[in-house]
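Notes for the structure review
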Amino acid sequence: MLLNVSPNGRIIACLLINLLSSICIVFINKWIYMHYGFPNMTLTLIHFVVTWLGLYICQKMDMFSPKRLPIRKIVLLALSFCGFVAFTNLSLQNNSIGTYQLAKTMTTPVIIIIQTTYYKKTFSTKIKLTLVPITLGVILNSYYDVRFNLLGTVFATLGVLVTSLYQVWVGAKQHELQVNSMQLLYYQAPLSSAFLLAIIPFSEPLSGDGGIFGPWSLAALATVLFSGVIAFLVNLSIYWIIGNTSPVTYNMFGHFKFCITLVGGYLLFHDPLSLNQALGILCTLAGILSYTHFKLVEQEEGKEPPCSEAIGKFSLCLAALT
């Protein structure tokens, strides 16, 4: 695939693939919810299955080596994987793209609270202060969002909580089991698929309009399958970016995607944007940039380990499926 390309060409290709696929997955999922009404958990299941099939092909091409893992050690992780993806997709389904994107940034403050409270990890005052503009920006945007609704807020909140727990747990499991992101996801995806397969018949209609088995047009089914392929491309491209660039490149590229997704949401789906919402977005973005800057400075000074692997632990599993 990209194995015979020069190192610089590989990095450029992966950045472009990741840029296009990361933005596309948000827009295409929103399109599926708005125009087809495809059931949320079934779409999540399809993403899981396609991701696992893609990883299976990758390991057959020697892109990574699978490692046998005891299922009992990843059961809770697989359950939380189902939860955060389902709730995040429900947030996308019930909120504007702007509110959905900004709500995800609240994962950082919640993770810091979890790590401080339960894992006794300490953070510098500068890092803690960056959480203030992030939180204020999210609150400001949500308050002035004309599409603000209670159900969307509930799903966004649950998504942030479960995502934060998942991120903490996946880091701990990678350390405990001594595996990388792709090795863990290779076992996690089919197990999560099995859990969803058991839950879906009781949570979503099997037939009729909006049911799992139809009636769906060929265009709807093709779009759903395409979204699964795009989801896998996000994961694969992030794997290459983390392996071939610096944490600074990854983070700055992530901020660029964040801005494009917000702008695209307002242009493609005509989400209304007030001046106060724009100020909230800028406030959150300022907080994110400050957090990244201080975090990278601390890592370069040796106060904590490099962040590229830490990013990989979570992003490979999260980005493609939200």
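Model, not experiment: these values are computed from the prediction. (Residues numbered from 1 in each chain as written. Predicted model: local features only at pLDDT ≥ 70, side-chain atom pairs only at ≥ 80, totals over all residues. Heavy atoms only, no water.)

**So, the overall build of the protein**
- What the protein contains, in helices and strands, is 12 helices and 0 strands.
- Listing the helices and strands of the protein from first to last along the sequence gives α-α-α-α-α-α-α-α-α-α-α-α.
- In the protein, buried positions account for 52% of the 322 residues.
- Sequence separation of 24 or more characterises 86% of the internal contacts of the protein that already satisfy a separation of 6 or more.
- Element-wise, carbon and sulfur atoms account for 70% of the exposed surface of the protein, whose accessible area totals about 15000 Å². (Helix = DSSP H or I, 4+ residues; strand = E, 2+ residues; numbered from the N terminus. Buried < 20%, exposed > 50% of the residue type's maximum accessible area, 1.4 Å probe, protein only. Contact = heavy atoms within 4.5 Å. Areas by Shrake-Rupley, 256 points an atom, 1.4 Å probe, with all protein chains shown as cover.)

**Quick look at the environment of M63**
- Relative to the assigned elements, M63 resides in the loop between α2 (40-60) and α3 (75-94).
- Here the alpha-carbon distance between M63 and M182, two residues 119 residues apart in the chain, equals 9.7 Å.

**So, the pattern of salt bridges**
- In total, this model carries 2 salt bridges according to the counting rule given.
- Measuring nitrogen to oxygen at the nearest pair gives 3.4 Å for the salt bridge that ties K73 to E176. A residue pair is termed long-range when its members are at least 10 positions apart, and K73 in the loop between α2 and α3 and E176 in helix α7 (residues 150-177) qualify at 103 residues.
- The class of K73 is partly exposed, set by a relative accessible area of 27%.
- One salt bridge connects K173 with E176, and the closest N-O pair in it is separated by 3.3 Å. A residue pair is termed a helical-turn pair when its members lie 3 or 4 positions apart in one helix, as K173 and E176 do in helix α7 at 3 residues.
- Accessibility expressed as a relative area gives 43% for E176, which makes it partly exposed. (Salt bridge = Lys/Arg side-chain N within 4 Å of Asp/Glu carboxyl O.)

**Things to note about a nonpolar patch on the surface**
- A grouping of L76, L79, Y118, Y119, L165 and W169 is seen on the molecular surface, where their side chains present a nonpolar patch of about 650 Å² in accessible area.
- At the level of secondary structure, the elements contributing two or more residues to the nonpolar patch comprise α3 and α7.
- Relative to the elements of secondary structure, L165 occurs in helix α7. (Patch = residues over 30% accessible without salt bridge, like charges linked within 9 Å, V, L, I, M, F, W, Y side chains within 5 Å.)

**Some words on the environment of S142**
- Relative to the helices and strands, S142 is located in helix α6 (residues 125-143).
- Each C-alpha atom, one on S142 and one on T153, is 8.8 Å from the other, the two residues being 11 residues apart in sequence.

**Section: the packing of α2 against α3**
- With their axes 10 Å apart at the nearest point, α2 and α3 run at an angle of 125 degrees to one another. As the angle between them shows, α2 and α3 are arranged oblique. The way α2 lies across α3 gives a crossing that is right-handed. Contacts between α2 and α3 involve N40, T44 and F48 from the former and F81, C82, V85, A86, N89, L90 and Q93 from the latter. (Axes fitted to C-alpha atoms, helices over the stretch in contact; angles between N-to-C directions. Parallel < 35°, antiparallel > 145°, perpendicular 65-115°, else oblique. Left-handed = near helix turned anticlockwise from the far one by under 90°.)

**Here's the deal with the side chain of K30**
- If you trace the backbone, K30 turns up in helix α1 (residues 7-36).
- Reaching out from K30, the side chain makes a polar contact with the backbone oxygen of L92 at a distance of 2.8 Å.
- Beyond its immediate stretch of four places on either side in the chain, K30 contacts L92, Q93, N95, S96, I97 and F269. (Polar contact = N/O pair within 3.5 Å; in protein donor to acceptor, adjacent residues only side chain to side chain.)

**So, α3**
- An ideal rise of 1.5 Å per residue puts 28 Å on 20 residues; α3 measures up with 29 Å between its terminal C-alpha atoms.
- Among the 20 residues of α3, 14 are classified as buried, and the element is accordingly described as predominantly covered. (Expected span 1.5 Å × (residues − 1).)

Shape is all these values report; function is a separate question.
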